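Architecture at a glance
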Amino acid sequence: MTETEAKLLIQKHGWLSTEPVWVRDSILSRARLRRLEAHQFTFHAEDDPGGIYGVVSGGIGVMLPSGAAEMLLCHVLRLGVWFGTGPVMTGRPRTMSFKAMEPSEVLYLSLSSVAEIKAEYPKFAQSLGALSESNYSRVAVRVIVDLMMPSTERRIAATLVRMSQPEASSELLPPWPIHLTQVELGQMANASRDRVGHALRAFEARGWIDVDYRVIRVKNLEALSRHAEKLGS
């Protein structure tokens, strides 16, 4: 996709679709398209602030440092989501790492471009602050709720729903293909690889998903969601 096509697409989805015209125009006139290979990082924890990114295609994994000094995958960002705003606001080093889980395209807004927009529009800082708080709060709550489910199978179902569900947008989108290994899915759902394999086979037998090498496609999001919401141990 060209940079022009990427900008036309991203303004219809997620954060930019709800912002005033001056915010959209200020960002899109300065943002530049970047293509990422699978497993390529945009930021590492402890990096300097840098700029911000908006997801156009593919998926960007959010990775948090654990007590064992390893990075744990907790979420995947999709079309319309902008990330990297926290350190831009605070000036402090990054606390999370972001990695392309599949070939992806993102729009990049440099730190100098952010400063230019702030100088021209002082209210832009408020927009970035609201975006940063919304991103962290929304993702954190969904991850916590999923992990609090006592049933392993339902935690896995809830994680699949979260990974495949498009963000709010002006267009109705089908479920995203999930480019995760069983180990990565188990990490996100706090489940062993064996339990993940068992759950995926059960979901596939019910016609809710298709499983291929490193990709899971959700065929019946409603049924999978209902299963994840059931009570039980």
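Residues numbered from 1 in each chain as written. Predicted model: local features only at pLDDT ≥ 70, side-chain atom pairs only at ≥ 80, totals over all residues. Heavy atoms only, no water.

1. Examining the overall build of the protein chain
- Secondary structure summary: the protein chain contains nine helices and ten strands in total.
- Its C-alpha radius of gyration of 18 Å places the protein chain within 12% of the 17 Å reference for a compact globule of 233 residues.
- Considering only C-alpha atoms, the protein chain reaches an extent of 55 × 40 × 30 Å along its principal axes.
- Classification of the 233 residues of the protein chain by burial places 49% in the buried group.
- Summarising the internal contacts of the protein chain: among those between residues at least 6 apart in sequence, 72% fall at separations of at least 24.
- Surface exposure of the protein chain reaches about 11,400 Å², of which carbon and sulfur atoms provide 54%.
- Put simply, the protein chain has 27 plus and 25 minus side-chain charges, and the middle of one group is 3 Å from the middle of the other. (Helix = DSSP H or I, 4+ residues; strand = E, 2+ residues; numbered from the N terminus. Rg over C-alpha atoms; globule rule 2.2 N^0.38 Å. Buried < 20%, exposed > 50% of the residue type's maximum accessible area, 1.4 Å probe, protein only. Contact = heavy atoms within 4.5 Å. Areas by Shrake-Rupley, 256 points an atom, 1.4 Å probe, with all protein chains shown as cover. Lys, Arg positive; Asp, Glu negative; His and termini not counted. Charge placed at Lys NZ, Arg CZ, Asp CG, Glu CD.)

2. Here's the deal with helix α4 (residues 111–120)
- Buried within α4 we find Ser 113, Val 114 and Ile 117. In a view along the axis of α4, the buried residues occupy a sector of 105°, so they form one face of it. (Arc of directions from axis to C-beta.)

3. What about the sheet that holds strand β8 (residues 104–109)?
- Strands sit in the order β1-β8-β3-β6 across an open sheet of four strands; the sheet is antiparallel. Edge positions in the open sheet fall to β1 (32–36) and β6 (82–83), since each of these has one partner strand only.
- Summarising the sheet, strand β3 (residues 52–57) and β8 pair through five bridges and their orientation is antiparallel. Note on β8: the bridge partner recorded for Gly 54 is Leu 107.
- Along the sheet, helix α1 (residues 3–10) contacts β1, β3, β6 and β8; its crossing angle with β3, the most-contacted strand, is approximately 95°. (Pairing = 2+ DSSP bridges. Axes fitted to C-alpha atoms, helices over the stretch in contact; angles between N-to-C directions.)

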